[in-house]
Amino acid sequence: MNLRDALRIPSADVTEESVYRDRRRVLAMIGAVPALGLAGCSEAAPPASKATITPELAKAGFRTAEEQTREIDATTYNNFYEFGTNKDDPSKAAKTLRTSPWTVAVGGHCAKPGKLSLEDLIKGLAPQERIYRMRCVEGWSMVIPWLGVPLGDVLKRFEPTSKAKYVAFTSLADPRQMPGVRSPVLDWPYREGLRIDEAMNPLTLLATGMYGKTLPQQNGAPLRLVVPWKYGFKGIKSIIAITFVERMPQTSWNMSQASEYGFFSNVNPAVAHPRWSQASERRIAGSASKLFAERIPTLPFNGYAAQVAPLYAGMDLKKWF
């Protein structure tokens, strides 16, 4: 049995493929039921956060002693729809992605906007290793050693103004390099966003590598976002633009299915996805003998509550999911 087959979700829990791929039909179905969560975000705002985190508390979340996922599994079992919707598509197709030279445009509500090479964007910032849990909304998880720089250190260089309440991210969408972009499975380019305090949190990482090596194409090379307390789809890959904005930005999966994918998308075992329970997860761990172990309980905020729960004080996490 291979990894892909072993992690296949029971047929009773999966939406029929024809419905899943037909986004227009799905959206019409969603429109027939009361809107939930972030469907109305453009008309409301969550409570403002005044949370602070000490350097010592932040560092406590930078590593975990849990068994790491094998590199071969983390690089061949991926969601990167720009290269196909099957888990093994990215590792097969992403070799067409050209990652050098690479530029990132930074703009919006900041004093020093610009379009920089990747090298200049992170110049002077020493890469750090962070061993993070990664939890997919589909109910599986990994433990991955990332290399990268704190997103907050990068953003501060552009001097965001007081109007910068959120940070929006955009991925490359080049059908010549990314065959999946030719399919309307999503409204390309892929878009994601964070509230400014989430972006500045010490745990939030701009990753340029993993397993002590340069980030592979199928894992989001050359620059991806890692936010360990959120579901994996928040980790936008192959970033080409970062924009400081005043209003909550549109995000790809929320645009596609607002009742299923909220803007915040914090890991929350108490809030189920319509197609997947979030109470437990299947950990893809180190040795082959443990790949198919029993499910383990999912922790609030993916186990990073000490570092990030204060960001959401006063928020109804079932509404702001």
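Use the structure listed above.
Read on for a plain summary of the structure. None of the values given here were measured: they were computed from a predicted structure. Numbers given for residues are sequential positions, taken from 1 along each chain in its written order. For this predicted model, a pLDDT threshold of at least 70 governs which residues receive local features, and a threshold of 80 or more governs which side-chain atom pairs are given and counted, while totals over whole chains, interfaces and linings are taken from all residues. Side-chain metrics in this entry use all non-hydrogen atoms of the structure; hydrogen atoms and water are not considered.

Within the secondary structure, H273 sits in the loop between α10 (252-256) and β11 (280-284). Summary of the burial criterion: residues with accessible area below 20% of their type's maximum are buried, those above 50% are exposed, and those between are partly exposed, where the area comes from a 1.4 Å probe applied to protein chains only. Owing to a relative accessible area of 7%, H273 belongs among the buried residues under this scheme. Contacts described as polar in this section are N or O atom pairs within 3.5 Å, which, within protein, must combine one atom able to donate a hydrogen with one able to accept it, while residues neighboring in sequence count only if both atoms come from side chains. Here the side chain of H273 touches Y261 through a polar contact of 3.4 Å, side chain to side chain. Secondary structure follows DSSP: runs of H or I at least 4 residues long count as helices, runs of E at least 2 residues long count as strands, and numbering of each begins at the N terminus.

When DSSP locates at least two bridges between a pair of strands, those strands are taken to pair. Reading across the sheet, the 5 strands line up as β2-β1-β10-β5-β6 and stay open at both edges, with mixed pairing between neighbours. Unpaired on one side and paired on the other, β2 (114-117) and β6 (191-195) mark the two borders of the sheet. For this sheet the average axis-to-axis angle between neighbouring strands, irrespective of direction, equals 20°. As paired strands, strand β5 (residues 166-171) and β6 are joined by 5 bridges and run antiparallel to one another. What sits directly across from A168, in β6, is G193. Convention adopted: a line fitted to C-alpha atoms gives each axis, helices being fitted over their contacting stretch, and angles between N-to-C directions are expressed from 0 to 180 degrees.

A few words on the pattern of salt bridges. The working definition used for a salt bridge is a side-chain nitrogen of Lys or Arg within 4 Å of a carboxyl oxygen of Asp or Glu. With the rule as written, the count across this model stands at 16 salt bridges. Two residues, K92 and D88, come together in a salt bridge whose shortest N-O distance is 3.2 Å. Using a relative accessible area of 18% as the deciding quantity, one classes D88 as buried. Through salt bridges with shared partners, one network takes in E66, R133, R135, E281 and R283.

Note that all results are geometric; they support no functional claim without further evidence.
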